[in-house]
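Residue-level structural notes
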Amino acid sequence: MSLLKVSGTKIVDEEGNEVILRGAGLGGWMNMENFISGYPGCEFQIREALANAIGEEKSEYFFDKFLEYFFGEPDAECFKSLGLNSIRLPFNYHHFEDDMNPRVLKESGFKHLDRAINICAKYGIYTILDLHTAPGGQNTDWHADHGGHLANFWKHKDFQDRTIWLWEQLAAHYKGNKWIAGYNPLNEPTDSQHVRVIAFYHRVYKAIRAVDPDHIIFFDGNTFASDFSHFGEAHKEWDNTSYSIHDYSVFGFPASPEIYEGNEAQQRRLRRSYEKKREWMDERGLCVWNGEFGPVYARKQFEKEKTEDINKVRYHVLKDQLEIYNKDRLSWSIWLWKDIGFQGMVHTSLESPYMKLFSDFLAKKHKLAVDAWGADDSAVRHVYKPLIDLIAQEVPEKYLNLYPSPVWAFPSRVGRLSRCILITEHLIPEWADHFIGKTKEELDELAASFKFGNCLKRDGLNKILMDNASLVRAEK
């Protein structure tokens with residue numbers, strides 16, 4: 001066990017030996033996400049809806065059991081057996097602060113975060129603390145848990161001030177813990193002006209360093225951790241800092257423009273997308289960490305007989321990405337460890353109480369494409385096409401693609417606002433209604449569907465990750 005730090009382009013231990021972090025993100029746990037655990041909308045919405053449906057006490061009981069079962073020692077033991085050495089821990093600020101009682105620390109937030117960090121330490125796994133959701137929403141997506149499509153974090157100084165305050169509390173709590181590799185202060189910012197994010201990074205860097213001078217700070221690029229082009233020479237004021245890209249490839253998703261075959265042109269596109277994201281760091285000799293990447297996978301209940309063929313293609317994409325990373329001796333964290341069967345290394349069984357209860361509801365969600373992540377809108381595309389055509393007809397072309405374009409292209413934006421926000425609002429109480437009449441014992445059984453021992457492993461994915469866990473090009 002050794003405190004890690006950044007030295008040039010590398011992460012090293014206290015003896016100066018290079019440490020290449022290879023692992024996964026524990027998404028959907030302390031920052032729940034709709035496609036990961038099967039609900040519609042955002043976490044704050046379903047927490048409110050469930051409390052309304054079954055009462056505050058039972059609702060809190062279910063969510064606490066969910067957090068307990070979602071990650072435990074058997075998860076860490078399996079994770080370590082794959083040769084992986086780091087877990088990124090995304091968390092929601094709501095665990096530590098209430099919007100109606102700001103700047104009052106909820107000590108209860110440390111209950112499960114401390115537990116996960118300690119379990120990982122027991123199995124020799126480093127953790128990276130990732131503030132995935134900040135007050136007001138630091139990005140335009142559902143996982144910023146604000147229920148809309150505007151990143152108001154960048155428009156209100158108090159949201160930023162509260163986030164600075166929270167990191168001061170977190171740094172004070174975790175300083176000196178050598179099993180924590182570092183802090184990831186803000187997940188996937190989307191600052192449309194591209195300069196406010198840099199100003200905030202200066203502030204949060206100084207605040208953390210005033211309390212904890214030792215841990216690595218991992219800064220995400222702007223526009224979903226893809227763009228450092230406006231950072232200029234900001235890095236000269238930041239010591240012991242690594243820079244995080246999120247390197248998702250369109251070839252790994254249902255919206256892929258073509259079937260991935262690994263031909264020269266497709267591999268060139270993979271490399272170019274990756275190289276463009278890290279270009280600013282490479283020009284300055286800075287340390288790069290790939291904080292998220294990975295395809296999504298077909299499910300037999302939806303894709304039927306096409307499932308295996310689709311997933312062979314997705315595994316091919318992943319293998320080619322990892323080959324690129326290995327050549328650069330890159331530290332990475334794939335998205336993600338556990339879910340209901342779409343992207344996780346481990347996933348719930350269709351025979352589990354939770355999946356049986358929500359079987360029909362999940363099928364409806366899939367058909368309506370109300371989750372933005374990896375959506376297949378083929379069943380409802382015709383419904384939204386007239387709206388897309390109308391906007392395209394009436395709005396000048398130069399105003400069609402609004403920020404965060406090109407990540408959100410114009411048709412995708414229409415879909416996200418209409419399907420993933422509007423339609424979703426009407427599905428949230430229906431999700432909560434499934435819990436009405438359940439006893440605490442039944443709620444416990446539902447939450448226990450996410451226990452490692454009740455889950456299934458995605459063996460094809462895990463084999464690829466195990467093969468690449470320590471595979472890197474020899475140093476020159």
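This write-up is about the structure you can find in this document. Note that the structure is a prediction, hence the values are computed from the model and not measured. (Residues numbered from 1 in each chain as written. Predicted model: local features only at pLDDT ≥ 70, side-chain atom pairs only at ≥ 80, totals over all residues. Heavy atoms only, no water.)

Before going further, it helps to examine helix α7 (residues 196-211). Taking 1.5 Å of rise per residue, the 16 residues of α7 would be expected to cover 22 Å, and the 23 Å separating its terminal C-alpha atoms lies within 8% of that figure. Of all the residues in α7, the buried ones are Arg196, Val197, Ile198, Phe200, Tyr201, His202, Val204, Tyr205, Ala207, Ile208 and Arg209. Close packing links the buried residues of α7 with α6 (157-174), β6 (180-184), β7 (216-220), α8 (222-225) and β8 (241-246). (Helix = DSSP H or I, 4+ residues; strand = E, 2+ residues; numbered from the N terminus. Expected span 1.5 Å × (residues − 1). Buried < 20%, exposed > 50% of the residue type's maximum accessible area, 1.4 Å probe, protein only. Contact = heavy atoms within 4.5 Å.)

On to the sheet that holds strand β5 (residues 126-133). The eight strands lie next to each other as β3-β4-β5-β6-β7-β8-β9-β10, forming a closed barrel whose pairing is parallel. Neighbour-to-neighbour, the strand axes of the sheet open up by a mean angle of 25 degrees, direction not taken into account. For strand β3 (residues 22-25) and strand β4 (residues 86-92), the ladder comprises three bridges, and the chain directions are parallel. Bridging across to β4, Gly23 finds its partner in Ser86. (Pairing = 2+ DSSP bridges. Axes fitted to C-alpha atoms, helices over the stretch in contact; angles between N-to-C directions.)

Before going further, it helps to spend a moment on the environment of Arg22. Residue position: Arg22 is located in strand β3. Sequence-wise, Arg22 and Leu471 are 449 residues apart; in three dimensions their C-alpha atoms are separated by 10.0 Å.

Moving on, we come to the pairing of β7. Across the five residues that make up β7, a large majority, five, are buried. Looking at chain direction, β6 and β7 are connected through two bridges and run parallel. Of the residues in β7, the one forming a bridge with Gly182 is Ile216. After leaving β6, the chain enters α7 and then returns to the sheet as β7, a path that is right-handed. With four bridges connecting them, β7 and β8 associate as parallel partners. (Right-handed = clockwise from strand over helix to strand, strands pointing away.)

A full pass over the atoms with the stated rule returns 32 salt bridges. Put simply, Glu57 and Lys440 hold a salt bridge, and the shortest N to O gap is 3.1 Å. Within this pair, whereas Glu57 is found in helix α3 (residues 56-70), its partner Lys440 is found in helix α17 (residues 440-447), the two being separated by 383 residues in sequence. Residue classification places Glu57 among the exposed residues on the basis of a relative accessible area of 58%. With relative accessibility at 30%, the residue Lys440 sits in the partly exposed group. Across the pair Asp467 and Lys463 runs a salt bridge, and its minimum N-O distance is 2.8 Å. Of this pair, Asp467 and Lys463 are both found in helix α18 (residues 459-468), four residues apart, which corresponds to roughly one turn of the helix. When its relative accessible area of 40% is taken as the criterion, Asp467 is described as partly exposed. Taken together, the shared-partner salt bridges in this structure form one network comprising Glu233, Lys236, Glu283 and Arg284. (Salt bridge = Lys/Arg side-chain N within 4 Å of Asp/Glu carboxyl O.)

In this section: the nonpolar core. Of all hydrophobic cores here, the largest spans 124 residues; its most connected members are Trp29, Phe71, Leu113, Leu129 and Trp431. A total of eight residues in this core trace back to one element, the largest contributor, which is α7. Not counting residues up to four positions away in its chain, the partners in contact with Leu129 are Leu89, Phe91, Leu113, Ile117, Trp167, Tyr174, Ile180, Gly182, Tyr183 and Asn184. Ranked by size, the runner-up nonpolar core spans 14 residues in total, among them Leu4, Leu21, Ile128 and Trp179. (Core = buried A, V, L, I, M, F, W, Y, C linked by side-chain atoms within 4.5 Å.)

Let us now look at the packing of helix α2 (residues 43-54) against α3. Look at α2 against α3: their axes get within 7 Å of each other, and the N-to-C directions meet at 130 degrees. Classed by the angle they form, the pair α2 and α3 counts as oblique. Relative to α3, α2 is oriented so that their crossing is right-handed. Contacts between α2 and α3 involve Ile46, Arg47, Leu50, Ala51 and Ile54 on the former and, on the latter, Glu56, Lys58, Ser59, Glu60, Phe62 and Phe63. (Parallel < 35°, antiparallel > 145°, perpendicular 65-115°, else oblique. Left-handed = near helix turned anticlockwise from the far one by under 90°.)

The subject of this paragraph is unusual backbone geometry. Put simply, Tyr403 and Pro404 share a cis peptide bond, and its omega is 10 degrees. Within the fold, Pro404 resides in the loop between α15 (381-394) and α16 (410-433). A cis amide bond, omega 5 degrees, links Ser405 with the succeeding residue Pro406. Relative to the elements of secondary structure, Pro406 occurs in the loop between α15 and α16. A positive phi angle, close to 60 degrees, is found at Phe224, a residue other than glycine. By the element assignment, Phe224 lies in helix α8. Owing to a relative accessible area of 9%, Phe224 belongs among the buried residues under this scheme.

What follows is about the packing of aromatic side chains. Counted according to the given criterion, the structure contains 48 aromatic pairs. Geometrically, the ring pair formed by Phe153 and Phe200 is edge-to-face, given 5.1 Å between the ring centres and 85 degrees between the ring planes. With Phe153 in the loop between β5 and α6 and Phe200 in helix α7, this pair connects stretches of sequence that are 47 residues apart. The exposure class of Phe153 is buried, given its relative accessible area of 0%. Seen in terms of ring centroids, Tyr248 and Trp373 are 4.8 Å apart; in terms of plane orientation they differ by 75 degrees. Their pairing is edge-to-face. Here Trp373 lies in the loop between α14 (359-368) and α15 and Tyr248 lies in the loop between β8 and α9 (264-277), a separation of 125 residues in the sequence. Residues Tyr248 and Trp373 agree in their burial class; the two are buried. Grouped by ring-pair contacts, the aromatic residues Tyr39, Phe62, Phe63, Phe66, Phe70, Tyr354, Phe358, Phe361, Trp431, Phe435 and Phe450 constitute a single cluster. The positively charged end of Lys338 is found above the aromatic ring belonging to Phe70, 5.3 Å away from the centroid. (Phe/Tyr/Trp six-rings, centres within 6.5 Å; stacked < 30°, edge-to-face > 60°. Lys NZ or Arg CZ within 6 Å of the ring centre and 35° of its normal.)

Moving on, we get to the side chain of Asp212. Within the secondary structure, Asp212 is located in the loop between α7 and β7. Buried and unpaired, Asp212 has no salt bridge, with Arg209 as the nearest side chain of opposite charge at 5.1 Å. Of the polar contacts made by the side chain of Asp212, one reaches the side chain of Tyr183; its length is 2.6 Å. A distance of 2.9 Å separates a polar side-chain atom of Asp212 from the backbone nitrogen of Asp214. (Lys, Arg positive; Asp, Glu negative; His and termini not counted. Polar contact = N/O pair within 3.5 Å; in protein donor to acceptor, adjacent residues only side chain to side chain.)

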